[in-house]
Amino acid sequence: MTEISQPDGARLRLARQARGLSQQQLAGVAGVTRQAVSAVESGHSDPSLRVALGLARALGMTVEELFGPGEPGDPVLARPVAPVSAPGSRVALATVGDTFVALPLDADLAARLGFGAAGGLMVRGGENRGGQGAQVAVRPIGPPRPTVVVAGCDPALPLLETPLALLDPPLAFAWWPCGSGEALRLAAAGLVHAAGVHRVGPGEGDDSSDTSGIPGGAEVVGFASWREGLVVRPGAGVRGLDDVARQGLRLVNREPGAQARVLLDRERLRLGLEPAQLPGYDSLAAGHLQVAAAIVGGLADAGVSSEPAALAYGLDFIPLAEERFDLLLPAKHAASREVQGLLKVLTSPWLLAQLASLPGYDAARCGERPS
């Protein structure tokens, strides 16, 4: 254990403020008095070992990070959810369990989300420690905040940010947009608190919410329901995928592992169509809204997406399946502050009202935990 002899009160204050906590809130979470927090921050008192441990746990840091030698910006080793391009690249930085996780804020993600606040800058990459997989060195921009990390393709997931920020103490939110297959992979690797996946209706085919690949299992919690199907530009005279092939219309597809691509291939095989008969089959769009945007922008004529995306862009919609979008919460993180906070906000009136306001969404199952 690091000797606590010269406490860095400024570092404690920065870590507290970065998480949006008052001295009283931090004291409550850490199990110490507000006076103790104030005395350490002002440099008037050295923390006892009990106080140092309590403060470090409450802030999601180690005692060494909070009170040990070195500057707050010393690099930390983090596991990236996707390849990071180069030194100096901006990343969102969070902790999942006892692991730092880096979410690249590259051009592709910026195109989907806009320029978000970075948690750090990559220093170097390609490291491997203890058989845990590739790691990158990240220099934090201020202390990492307790953050709920969610992967999945539902464009309504960012709505979670507001109620999480209103918790006492607050939680930050980080979203990694990806298909169900990639979200499950990240959950199995221990890189997210929740994986958003599709569950199709009875008799509709593959069930993407299988938790068997996640070590220790996972709890399934409902988020929303919608219809998924063929989205086409208005007036195209399309009643199904066979019309898309017959007219030679250009398709926009999703990445392998996305439920939309699974649904497209299922319909293609049912109709006896080969990929070569569908111009644009090899194209890739990053999400439901991106499929709709490609059609509106004239880059494609049709694609498989959700009904809410079609309604948002004023496109015609031909339903192919009833789908549920669930959140899989790995059991090993179930007791964490982040997961408990997520479960709390999933039933908040504000979130339910926001989901219900989106055309095509059914929020009746949001927060539902099947027995």
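Residues numbered from 1 in each chain as written. Predicted model: local features only at pLDDT ≥ 70, side-chain atom pairs only at ≥ 80, totals over all residues. Heavy atoms only, no water.

S.K.: Please explain the overall build of the protein as it appears in this structure.
M.R.: In terms of helices and strands, the protein carries 14 helices and 12 strands. Counting across all 371 residues of the protein, residues that qualify as buried make up 52%. Look at the contacts in the protein between residues 6 or more apart in sequence, and 71% of them connect residues 24 or more apart. Only carbon and sulfur atoms are counted for the fraction: they give 53% of the accessible area of the protein, which is about 16,000 Å². (Helix = DSSP H or I, 4+ residues; strand = E, 2+ residues; numbered from the N terminus. Buried < 20%, exposed > 50% of the residue type's maximum accessible area, 1.4 Å probe, protein only. Contact = heavy atoms within 4.5 Å. Areas by Shrake-Rupley, 256 points an atom, 1.4 Å probe, with all protein chains shown as cover.)

S.K.: Would you mind going over the confidence of the model for the protein with me for this structure?
M.R.: As a general rule, the predicted coordinates of low-pLDDT regions are not to be interpreted in detail. Mean pLDDT over the protein stands at 86; residues scoring 70 or higher make up 88%. Scored below 50 in pLDDT, residues 127–132 makes 11 contacts in the model with residues more than four places away or belonging to other chains. (pLDDT = per-residue confidence, 0-100.)

S.K.: Got a minute to help me understand empty space enclosed by the protein in this structure?
M.R.: Rolled over the atoms, a probe with the dimensions of a water molecule shows which regions are left empty. Summed over all chains, the structure comprises 1 cavity of 30 Å³ or more. Contributing to the lining of the largest cavity are Leu 251, Val 252, Asn 253, Arg 254, Leu 264, Val 291, Gly 303 and Val 304. Sorting the residues of the lining of the largest cavity by element identifies β10 (251–252) and β11 (302–306) as the ones contributing at least two each. Considering only residue class, the lining of the largest cavity consists of 5 nonpolar, 2 polar and 1 charged. (1 Å grid on protein atoms, 1.4 Å probe; cavity = no way out; pocket = protein on both sides within 12 Å on 5 of 7 lines; lining within 4 Å. Points joined across faces, edges and corners; volume = space filled by probe spheres on them. Nonpolar A, V, L, I, M, F, W, Y, C, P; charged D, E, K, R; others polar.)

S.K.: When you look at the pattern of salt bridges in this model, what are you seeing that I'm missing?
M.R.: When charged atoms on two side chains of opposite charge get close, those side chains can pair. All told, the structure shown has 12 salt bridges when counted by the stated rule. For Glu 41, the salt bridge goes to Arg 16, with nearest N and O atoms at 2.6 Å. Highlighted residues: Glu 41 in helix α3 (residues 34–42) and Arg 16 in helix α1 (residues 9–18), separated in sequence by 25 residues. In this pair, the class of Glu 41 matches that of Arg 16, namely buried. The closest approach of N and O atoms between Arg 270 and Glu 267, which form a salt bridge, is 2.7 Å. (Salt bridge = Lys/Arg side-chain N within 4 Å of Asp/Glu carboxyl O.)

S.K.: Before we go on, may I ask you to explain the side chain of Asp 243 in this structure?
M.R.: Its place among the elements puts Asp 243 in helix α9 (residues 241–247). Taking the relative accessible area as the measure of exposure, Asp 243 reaches 6% and is therefore buried. Those residues in contact with Asp 243 that sit more than four places away from it in its chain are Gly 237 and Val 238.

S.K.: Explain the packing of aromatic side chains to me, please; I cannot follow it from the model alone.
M.R.: Two measures describe an aromatic ring pair: the distance that separates the ring centres and the angle between the ring planes. Scanning all chains against the criterion turns up 3 aromatic pairs. Centroid distance Phe 223 to Phe 325: 6.2 Å. Interplanar angle 70 degrees. Geometry classified as edge-to-face. Residue Phe 223 is found in strand β9 (residues 218–232), and its partner Phe 325 is found in strand β12 (residues 316–330); the two are separated by 102 residues along the sequence. Here the two residues Phe 223 and Phe 325 agree in accessibility, since each one is buried. Taken together, Phe 223, Trp 226, Phe 325 and Tyr 361 form an aromatic cluster joined through their ring pairs. (Phe/Tyr/Trp six-rings, centres within 6.5 Å; stacked < 30°, edge-to-face > 60°.)

S.K.: Explanation requested: helix α11 (residues 288–296) in the structure shown.
M.R.: Structural remark: α-helix, 3.6 residues per turn; residues separated by three or four positions point the same way. Along α11, the residues that are buried comprise His 288, Val 291, Ala 292, Ala 294 and Ile 295. Relative to the axis of α11, the buried residues are bounded by an arc of 155 degrees and lie together on one face. Where α11 terminates, the next one or two residues include Gly 298, which has phi positive at roughly 80 degrees. (Arc of directions from axis to C-beta.)

S.K.: Explain the nonpolar core to me, please; I cannot follow it from the model alone.
M.R.: Looking at soluble globular proteins, one finds that nonpolar side chains tend to be buried together. Formed by 29 residues in total, the largest nonpolar core has its most connected members in Leu 160, Phe 223 and Leu 346. Among the elements of the structure, β6 (147–152), β7 (172–177), β9, β12, α13 (337–345) and α14 (349–356) are those that each provide at least two residues to this core. Discounting chain neighbours no more than four positions away, the residues touching Phe 223 are Asp 154, Ala 156, Leu 157, Leu 160, Phe 325, Asp 326, Leu 327, Leu 346, Leu 355, Arg 365 and Cys 366. Core analysis: the next-biggest nonpolar cluster, separate from the first, contains 23 residues, Val 81, Ala 94, Leu 103 and Val 149 among them. (Core = buried A, V, L, I, M, F, W, Y, C linked by side-chain atoms within 4.5 Å.)

S.K.: What is the right way to look at the environment of Cys 178 in this model?
M.R.: For Cys 178, the location among the structural elements is in the loop between β7 and α8 (180–188). On a C-alpha basis, the gap between Cys 178 and Glu 255 in space is 8.7 Å, while along the polypeptide they are 77 residues apart. The residues touching Cys 178, leaving out its near neighbours within four places in the chain, are Ala 151, Gly 152, Cys 153, Ala 183, Leu 186 and Glu 255.

S.K.: In this structure, what is going on with helix α10 (residues 259–270)? I would like to understand it.
M.R.: Over its 12 residues, α10 extends 16 Å from the first C-alpha to the last, a length consistent with the 16 Å expected when each residue adds 1.5 Å. Buried within α10 are the following residues: Gln 259, Ala 260, Arg 261, Leu 263, Leu 264, Asp 265, Glu 267 and Arg 268. Of the residues one or two after α10, Gly 272 is the one with positive phi, at around 70 degrees. (Expected span 1.5 Å × (residues − 1).)

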